[in-house]
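# Descriptive structure summary
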Amino acid sequence: MSKKTKGGGTPATAALTQAGAEFTLHPYEHDPAAQAYGEEAADALGLPYERIFKTLVAELESGLAVAVVPVSGKLDLKALAAALGGKRAAMADAAKVERVTGYVVGGISPLGQRKRLPTVVDASALEFGTIFFSAGKRGLQIETAPADLIRLTEAVTAPIGKPA
């Protein structure tokens, strides 16, 4: 589990607060039996799948990288690799991802990770005034402007999502 920050926040909420970014937290009751965490969050919060973004970590030739894509689709690994100047990518091992990010699978936030990784946010995020993504633990989503997420993660945007 990720380290808690003062006041019961997460490293992700601390990063947003420290940067002075506006955000809203959206808690929901997490079902331990849930397998599709993003869909669970969207359903619990009554949001369309296109507005909730999942944080995935892939292994490229250059190392690990973060992909932020809508839960309504899948990650296009080839497009992710191309966005970061690589040729191929594969999903990273879950145990390695948890070790490097400091978060558990299903609660991985693109913000506040132990080690800053190259990040790509799907271009569809720019279609919304705000987007939702994990706040760093299961059962808690952050809503913020995509521009703030992109700025704070030093992300590039590219069409890395594809229909499910």
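Just above sits the structure.
Overview of the structure. No experiment lies behind these values; they were computed from the predicted model shown.

### Digging into the nonpolar core
Of all hydrophobic cores here, the largest spans 26 residues; its most connected members are Val57, Leu111, Val121, Phe133 and Leu149. Breaking this core down by element, the ones donating at least two residues are α1 (11–19), β2 (52–60), β3 (63–70), α4 (94–101), β7 (131–137), β8 (140–144) and α5 (146–153). Membership of the second largest hydrophobic core comes to twelve residues, among which are Ala65, Ala89, Val120 and Ala158.

### Section: the pairing of strand β6 (residues 119–122)
Where burial is concerned, the two faces of β6 agree: the one with Thr119 and Val121 and the one with Val120 and Asp122 are both buried. Bridging between β3 and β6 involves three bridges; their strand directions are parallel. The partner of Val66 across the bridge, within β6, is Thr119.

### Observations regarding unusual backbone geometry
Although it is not a glycine, Glu154 adopts a positive phi angle of roughly 55 degrees. Structurally, the position occupied by Glu154 is in the loop between α5 and β9 (156–158). With a relative accessible area of 60%, Glu154 lands in the exposed category.

### Notes on α5
Among the eight residues of α5, six are classified as buried, and the element is accordingly described as predominantly covered. Along α5, the positions that sit buried rather than exposed are Pro146, Asp148, Leu149, Ile150, Leu152 and Thr153. Buried residues along α5 sit in contact with α1, β3, β6, β7, β8 and β9. Within two residues after α5, Glu154 carries a phi angle of roughly 55 degrees, on the positive side.

Calculation criteria
- Residues numbered from 1 in each chain as written.
- Predicted model: local features only at pLDDT ≥ 70, side-chain atom pairs only at ≥ 80, totals over all residues.
- Heavy atoms only, no water.
- Core = buried A, V, L, I, M, F, W, Y, C linked by side-chain atoms within 4.5 Å.
- Buried < 20%, exposed > 50% of the residue type's maximum accessible area, 1.4 Å probe, protein only.
- Helix = DSSP H or I, 4+ residues; strand = E, 2+ residues; numbered from the N terminus.
- Pairing = 2+ DSSP bridges.
- Contact = heavy atoms within 4.5 Å.

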